[in-house]
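# Understanding the architecture of this molecule
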Amino acid sequence: MDILSSLNDAQREAARHIDGAMLILAGAGSGKTLTITTRLAYLIGEVGIDPLNTLTLTFTNKAATEMKLRALNLIRSSQPSANPLLCTFHKFGLLFLKLYMRELNRANNFVIIDIDDKKKIIKEFENSIATNIVSNEISRYKNMLLSPEEIISSSVIPAFIGGRANYEKIAKAYKSYEEYLVANNLVDFDDLLCLTYRILDSNPNLCNQISNRYKYITIDEYQDTNELQYKLLRKLCQAHENVVVVGDDDQSIYGWRGAKIENILNFKDQFSSVKVVRLEENYRSSSNILNAANELIDHNRNRLGKKLISTKKDNKDIEILQNSDEESEAKIISARIAKLINDGEHPTQIAILYRINALSRALEEGLIANGVPYKIVGGIKFYERAEIKDIISYLRLILNPHDDFSLERIINRPKRGLGKVGFNKLSEFAFNNKISLYEAILRMDEGLLGKKVFTALNELARDITELREAEPKDLIFELENKFGLKEFYKQSPEGDDRLLNIDEFYGSINQKIENNPDFSLEEFLNDITLQSDQDRISEDAISIMSVHASKGLEFEHVFIIGLEEGFFPLISDECDIEEERRLGYVAITRAKSDLVLSSSNFRIYRGKKSNLERSRFLSEAGLISGKLRIESTKEFRRGDLIKHKIFGIGRVLEVTQIKSDFKLKINFGGNIKEIMSGFVEKV
DNA sequence: TAGAAGCAGATTTTT
DNA sequence: TCTGCTTCTA
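This structure is a prediction, so every number in the text was calculated from the model and none was measured.

It is worth spelling out the environment of Leu290 at this point. Examined against the element boundaries, Leu290 turns out to sit in helix α14 (residues 287-297). Spatially, the C-alpha atom of Leu290 lies 7.0 Å from that of Thr589, the residues being 299 residues apart in sequence. Apart from the residues lying within four places of it in its own chain, the contact partners of Leu290 are Asn282, Ser285, Leu308, Ile309 and Ser310.

So, in structure tokens, the structure goes:
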């Protein structure tokens, strides 16, 4: 029982659980990963359960990879070759569909498309409604397991769609989209789950067989599961109820994306004799930080209830910064961080969090001005970059030249002189002859598109054919040699970045090929679509990111900016204040020892300047009064020349401080006005 | 065909 | 204010 010795009582109780349903309520920083991995190691190493009978599902690749590594480490000595299935929900769907796609009369060499691909396809069919709305609706329908036909006959129309006519357009687009996916053998992210569910649902025997195989199921981040994932779980545990779900209802922040917090809130009633374990001892943050987090989240009604208890000794005051505007906020925080780094703190231990990405701009300017290296976490993902997706498309074509979707993407990249009109001609030719675009290129007449384009396209087709014969070790070299993507992207505006990305990608593929004697291009291509890049956090830079992107991370020093009513909590028509509060809770609990909460009197957003009130979360967390500290860099002096949007240029006659801001008496060419400093700028 | 100009729209985004 | 998409022109 050696491996259980590093756990506290609650953790140990959770880790020793074997049969039946259990809910582990794991507060922020409470050793959740340790508990899950120790339990898995305990089941396999001590109880003697076959690793192949376990299934552990997570939401991110990062979590899956880390957990697998840690679990295997614990059982390395006794079971060196154990290989429990520990992966994301979507990867599980992918593995399942590879085996059972034929149940739906579809081939298993499908290609997974990402959200951009999805939108591109939708646009072919529906252009009068915002693609985002159509895309989200399709997602919603799929997750409700509703077919296009069922949507058309439904009478419940969501208000934001704008009436029956639009609803029918969306339903039609959904139908065309589905047909396109099937025709091109594509699957989207939602399909990985809903097709898996459909197959299990219509094959009770298969479902039973699968359920009997995965006798011990663990689900991580259960608060983020949606209805479909719950249903899938039901199928997977149909032959037993050995289900351990781990999560924190207070950290449910993806409700707007279909996650159902009810899944975790109601788990106790949905499974029989559920044991509940609360992990409340926090190993991350100081007690001041935890007190603030506890007080804040206590304002939520819809929760199971738990309190984080600090195990740490040191305890700094939480600091409240009140700034005149976003520039001054950025300046103060940047200067502060520059000093921290100067004093020897490692940049990776510092993070700035915001509720909306738009707040990063002023911040970045301040950081640059102070020479603070920073990295934006969760911006455009590596595999979503155009240059990377182009290479992926070429690779897909090498695997399957009849992949029209990929060919369309790169047919004019690098430029081959083929425009929209020309492409339509080629596409029509392919359609009429019921052949792929690749075959159409080989069979078309030279006159169809003109000699130049004809030659260029034939060369493309020939190159692809030739690359199919290439040795894996020469693949990348030959690919670049034939298509010259580096040369092509060198000329684009962000050429340098793109070249670096291409080199990184080429390098990583070559490394995989080198390290793996039976490298499979197909497997590689499927996996990278499911890959995000949260784990690419930089070595020598501070991190700046949205609160959502910060989930699961921790830093010694955390600055939360934009704590103003309207921004955080973000107020909108369909806003859920409890989810906003949970976001506040997630943000605060990222900090280990040092937390600074910052707000501004004024902020320019979407070109408009607004006067803002401090976030209610500051008082709800019990942080306002006494500890308030006022700072402002935007100082005005008598005699300063200033500019006002309406009154123009004027000269400051008098400065009066009011709370954290300044009231200025200004002379605009004889016209004397009293104006708050936020409305004017120094010239 | 491809770059330039004009215009609407704009949270958060694990896969 | 800024971006990304459609429309216009060489």
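The share of residues in chain A with pLDDT of 70 or more is 93%, and the mean pLDDT across the chain is 88. Ignoring residues within four places in sequence, the model shows residues 626-633, a span with pLDDT below 50, making 26 contacts including any to other chains.

For helix α6 (residues 131-143), which comprises 13 residues, the first-to-last C-alpha distance of 18 Å matches the rise-based estimate of 18 Å (1.5 Å per residue) to within 8%. All of the buried residues along α6 are Thr131, Val134, Ser135, Glu137, Ile138, Ser139, Tyr141, Lys142 and Asn143. Here the buried face of α6 lies against α5 (115-125), α7 (148-153), α8 (163-183), α9 (189-202) and α11 (227-236).

Once that is clear, we can look at the protein's contact with DNA strand C. Close contacts around DNA strand C come from Asn127, Arg361, Arg606 and Gly607, and that covers them all. Protein-proximal atoms of DNA strand C, defined as those within 4 Å of the protein, fall in sugar or phosphate at a share of 55%. Tallied by class, the residues present in the surface near DNA strand C amount to no nonpolar, two polar and two charged.

Under the definition given, this model contains three cavities of 30 Å³ or more. A volume near 70 Å³ is recorded for the largest cavity. As for the largest cavity, its lining consists of Leu296, Ile560, Leu563, Phe568, Gly584, Ile588, Leu597, Phe617, Leu618, Ala621 and Leu623. Classifying every residue of the lining of the largest cavity gives ten nonpolar, one polar and no charged.

The tally for this structure, following the rule as stated, stands at 45 salt bridges. Here Glu66 and Arg70 are joined by a salt bridge, their closest N and O atoms 3.0 Å apart. Taken together, the residues span about one helical turn, with Glu66 and Arg70 both in helix α3 (residues 61-75) at a distance of four residues. Classification of Glu66 as partly exposed rests on a relative accessible area of 36%. Residue Arg70 is classed as partly exposed on the basis of its relative accessible area of 31%. A salt bridge links Arg462 to Glu466, with the nearest nitrogen and oxygen atoms 3.6 Å apart. Highlighted residues: Arg462 and Glu466, both in helix α21 (residues 451-467), separated by four residues, approximately one helical turn. Since its relative accessible area comes to 39%, Glu466 is described here as partly exposed.

Moving on, we come to the state of the cysteines. Counting across every chain of the model gives zero disulfides. In this structure Cys194 is a free cysteine whose sulfur lies 16 Å from that of Cys207, the closest cysteine sulfur available. Looking at the unpaired Cys237, the closest cysteine sulfur is the one in Cys207, lying at 9.3 Å. On the basis of relative accessibility, which here comes to 3%, the residue Cys237 falls in the buried class.

To continue, consider the sheet that holds strand β1 (residues 22-26). Ordered by their spatial adjacency, six strands build an open sheet running β3-β2-β6-β7-β1-β8, and the pairing between neighbours is parallel. The open sheet has two edge strands with one neighbour each: β3 (85-88) and β8 (275-279). Each strand axis lies, on average, 15 degrees off the axis of its neighbour in the sheet, ignoring direction. Sheet topology places β1 next to β8; five bridges connect them, and they run parallel. When the bridges of β8 are listed, Met22 appears paired with Lys275.

Below, the discussion takes up the environment of Arg140. Summarising the element assignment, Arg140 is placed in helix α6. Placed 50 residues apart in sequence, Arg140 and Asp190 show a C-alpha to C-alpha distance of 9.1 Å.

With that settled, consider the side chain of Ser360. On the secondary structure map, Ser360 appears in helix α16 (residues 360-369). In this structure Ser360 comes out as buried when scored by relative accessible area, which is 10%. When residues no more than four places from it in sequence are discounted, the contact partners of Ser360 are Tyr354 and Ile544.

This next bit is on the environment of Leu206. Within the secondary structure layout, Leu206 lies in helix α10 (residues 204-213). Distance from Leu206 to Tyr100, taken between C-alpha atoms, is 9.6 Å for residues 106 residues apart in sequence. Excluding residues that lie within four positions of it along the chain, Leu206 makes contacts with Phe96, Tyr100 and Ile199.

Let us look at the packing of α9 against α10. In contact at an axis separation of 5 Å, α9 and α10 are set at 110 degrees when each is read in the N-to-C sense. By the angle between their directions, the pair α9 and α10 is classed as roughly perpendicular. Across the interface between the two elements, Ile199, Leu200 and Ser202 from α9 touch Pro204, Leu206, Cys207 and Ile210 from α10. Counted by class, the contact of α9 with α10 contains six nonpolar, one polar and no charged residues.

Across four bridges, strand β17 (residues 602-605) lies against strand β18 (residues 608-611) in antiparallel orientation. Directly across from Arg603, in β18, lies its bridge partner Ser610. The antiparallel pairing of β17 with β18 creates a hairpin that spans two residues between the two strands, and Arg606 there sits at a positive phi of about 50 degrees.

Thresholds applied
- Note that residues are indexed from 1 along each chain, following the sequence as it is written.
- Here the convention is simple: chains get letters from A, ligands get numbers from 1, in the order in which they are written.
- Note on the predicted model: pLDDT of at least 70 is required for a residue's local features to be given, and 80 or more for side-chain atom pairs to be given and counted; whole-chain, interface and lining totals, by contrast, use all residues.
- In computing side-chain values, all of the structure's heavy atoms are included and hydrogens and water are not.
- For the purposes of this entry, the term helix denotes a DSSP run of H or I that reaches at least four residues, the term strand denotes a run of E that reaches at least two, and both are numbered from the N terminus.
- Any two residues having at least one pair of non-hydrogen atoms within 4.5 Å are treated as being in contact.
- A residue's pLDDT is the confidence the predictor assigns to it, expressed on a 0 to 100 scale.
- One less than the residue count of a helix, multiplied by 1.5 Å, gives the span that helix is expected to have.
- Only protein chains enter the calculation, and the probe is 1.4 Å; a residue is then buried if its accessible area is under 20% of its type maximum, exposed if over 50%, and partly exposed in between.
- Neighbouring residues are identified by heavy atoms, a residue being near a molecule or strand if any of them is within 4 Å of it.
- Each residue gets one label: Ala, Val, Leu, Ile, Met, Phe, Trp, Tyr, Cys and Pro are nonpolar, Asp, Glu, Lys and Arg are charged, and the others, such as Gly, are polar.
- For cavity detection a 1 Å grid was placed over the protein atoms alone, and a set of points counts as a cavity when a 1.4 Å probe fits there but cannot get out; an open set counts as a pocket when protein lies on both sides within 12 Å along at least five of seven lines, with lining residues being those that have an atom within 4 Å of a point.
- Grid points are joined across faces, edges and corners, and a volume is the space filled by probe spheres set on the points.
- Any Lys or Arg side-chain nitrogen located within 4 Å of an Asp or Glu carboxyl oxygen qualifies as a salt bridge.
- Working definition: a disulfide is two cysteine sulfur atoms within 2.5 Å of each other.
- Strand pairing requires that DSSP identify at least two bridges connecting the strands.
- Here, axes are lines fitted to C-alpha atoms. For helices the fit covers the stretch in contact, and angles between N-to-C directions go from 0 to 180 degrees.
- Angles below 35 degrees are treated as roughly parallel, those above 145 as roughly antiparallel, those between 65 and 115 as roughly perpendicular, and all remaining angles as oblique.

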